[in-house]
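One letter stands for each residue in the lines below.
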Amino acid sequence: MSYNVNDFDSLEVVNSDRQHVWHHLTQHKPFEKNDPMVIVKGEGMRVWDAKGNEYLDAVSGAVWTVNVGYGRTEIADAVRDQLVTLNYFAQTAGNVPTALFSKKLIEKMPGLNRVYYSNSGSEANEKAFKIVRQIAHKKYGGKKNKILYRERDYHGTTITTLSATGQAERREQYGPFTPGFVEVPHCCEYRPQEGADIENYGVWAANQIEKVILEEGPDTVGALCLEPITAGGGVIEPPVGYWARVQEICKQYDILLHIDEVVCGLGRTGKWFGYQHYDIQPDIVTMAKGVASGYAAISCTVTTEDVFEAFKDDDARLGYFRDISTFAGCTAGPAAALVNMQIIENENLLKNTEVQGHYLKERLYQLMDKHPLIGDVRGKGLFVGFELVEDRDTKKPVDESVVMAIASHCMANGVIIGRTNRCFKEYNNTICLSPSLIATKKELDIIVNALDEALTEISRVS
């Protein structure tokens, strides 16, 4: 199938892009000689560029976003109908899609009750940090203001969310950072901190958080912010025992538990939210990418009623949450999110994600048996990855150039895959896969076969 590029002047589009567009996460020097990629169409799990090339997208829009696939006319129609009725009014007042989506969302999140809207994952996390800081002033005289974050986790691209990001290369050249953010150790069982097997590693890793809390002083720590499964930091699923112990620690020291579901939320792991695999009750949950599958900008900061109640008092001047997000007033986001959630329900995509996720991991384990470069396979649902190493015994990571070469080989063969990208000094060695929740075995086979060919070629020339 070839996309008809005659509807526009592809040369003009590509040249205009090269001359005027500043792409994300991209070094533009190569564009002095080479054309930038311009994506012009999407359908199902496939996209086409301005030159008519077709690709199978194994990363849902490059950054884990298009959960229900491309070309969903029912979402586009709902957004269009809403925009001609009411396109915008600031969130100082309510509107119909926001009210309806809030109710539907909360039904999926027992124990939580309030939804605060904004328009990106970074902004959703920023709102959560402001909530924690204001509660510190309202309840603890300003002292309980520190926010803990985990090594290898990512929480956003603003200066403050980078302050809470455990990825050294993402932070490099952007300091000085917002004070009051403290890093806790990672929980990657494949690379335990002591360099050897640790009994009950999950509990051990969680206890390292407690050590940091005691060093900082429990009366100074207001919140712990974690991804349910580390995403861009290497697709790291916390080991057995970790989350239960984390919950215990937060309760013991009166620390709010903030779960960042920007990547995992809305079905990516086979449940509505990643934390729901682990029988824990967070105080704050943030989400963005899959909320509307990229059909409109929307993010949510969801809290318990107890957190919300902290902002209801007689202080009409400073006591409430004094925050606003201009484009949270856009009605397109919740209108798209409502239909997005209906699609996930109607097409039983949570079950499909669980089933296809198991199949994908089985195929990756088969690749691991064939290719010594693969040191570890991990993840949950349609959110999986594998780490590449020079030697399985030493676990020495391959150079980032190897991962880039594999991604380039797959791209040349019509499959777009993800990878850890300029996150660390030496651990940019994980291939990341997050196909849309509509993925079939046939499509997963195409992805794995492309990886197999790329790994074979890399091994041959190295």
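Just above sits the structure.
Just so you know, these numbers come straight off a predicted model, no measurement behind them. (Residues numbered from 1 in each chain as written. Predicted model: local features only at pLDDT ≥ 70, side-chain atom pairs only at ≥ 80, totals over all residues. Heavy atoms only, no water.)

(A) Region of the structure containing the state of the cysteines. The full count for this structure, using the stated rule, is zero disulfides. Note on cysteine 225: no disulfide assigned, nearest cysteine sulfur contributed by cysteine 250 at a separation of 11 Å. Relative accessible area serves as the criterion here: at 0%, cysteine 225 is assigned to the buried category. Of all cysteine sulfurs, the one in cysteine 432 lies closest to cysteine 264, which takes part in no disulfide; the gap is 12 Å. (Disulfide = S-S within 2.5 Å. Buried < 20%, exposed > 50% of the residue type's maximum accessible area, 1.4 Å probe, protein only.)

(B) Representation of the packing of helix α13 (residues 400-412) against helix α14 (residues 441-461) within the structure. Running from N to C, α13 and α14 cross one another at 130°; their axes reach a closest spacing of 9 Å. Considered as vectors, α13 and α14 are oriented oblique to each other. The crossing of α13 and α14 is right-handed. Contacts from Val402, Ala405, Ile406, His409 and Cys410 of α13 reach α14 at Ala450, Leu451, Glu453, Ala454, Leu455, Glu457 and Ile458. Residue classes in the contact of α13 with α14 are distributed as nine nonpolar, one polar and two charged. (Axes fitted to C-alpha atoms, helices over the stretch in contact; angles between N-to-C directions. Helix = DSSP H or I, 4+ residues; strand = E, 2+ residues; numbered from the N terminus. Parallel < 35°, antiparallel > 145°, perpendicular 65-115°, else oblique. Left-handed = near helix turned anticlockwise from the far one by under 90°. Contact = heavy atoms within 4.5 Å. Nonpolar A, V, L, I, M, F, W, Y, C, P; charged D, E, K, R; others polar.)

(C) Structural context of α14. Spanning 21 residues, α14 covers 30 Å between terminal C-alpha atoms, matching the ideal 30 Å at 1.5 Å per step. The set of residues buried in α14 consists of Glu443, Leu444, Ile447, Val448, Ala450, Leu451, Asp452, Ala454, Leu455 and Ile458. (Expected span 1.5 Å × (residues − 1).)

(D) Summary view of the pattern of salt bridges. Counted under the stated rule, the structure contains 34 salt bridges. With a shortest N-O distance of 3.3 Å, glutamate 443 and arginine 46 are connected by a salt bridge. Of this pair, glutamate 443 sits in helix α14 while arginine 46 sits in strand β2 (residues 46-49), and the two are 397 residues apart along the sequence. Owing to a relative accessible area of 13%, glutamate 443 belongs among the buried residues under this scheme. Residue classification places arginine 46 among the partly exposed positions, given a relative accessible area of 24%. Linking lysine 138 and aspartate 313 is a salt bridge whose minimum nitrogen-to-oxygen distance equals 2.5 Å. (Salt bridge = Lys/Arg side-chain N within 4 Å of Asp/Glu carboxyl O.)

(E) Layout of the sheet that holds strand β14 (residues 415-416). Sheet architecture is open: four strands sit in the order β1-β2-β3-β14, paired in mixed fashion. The sheet terminates laterally at β1 (39-43) and β14, the two strands that pair on one side only. Here three bridges tie β2 to strand β3 (residues 54-57), and the two strands are oriented antiparallel to one another. Across the sheet, the residue bridging to arginine 46 is leucine 56, located in β3. (Pairing = 2+ DSSP bridges.)

Take it as geometry only, folks, not as evidence of what the structure does.
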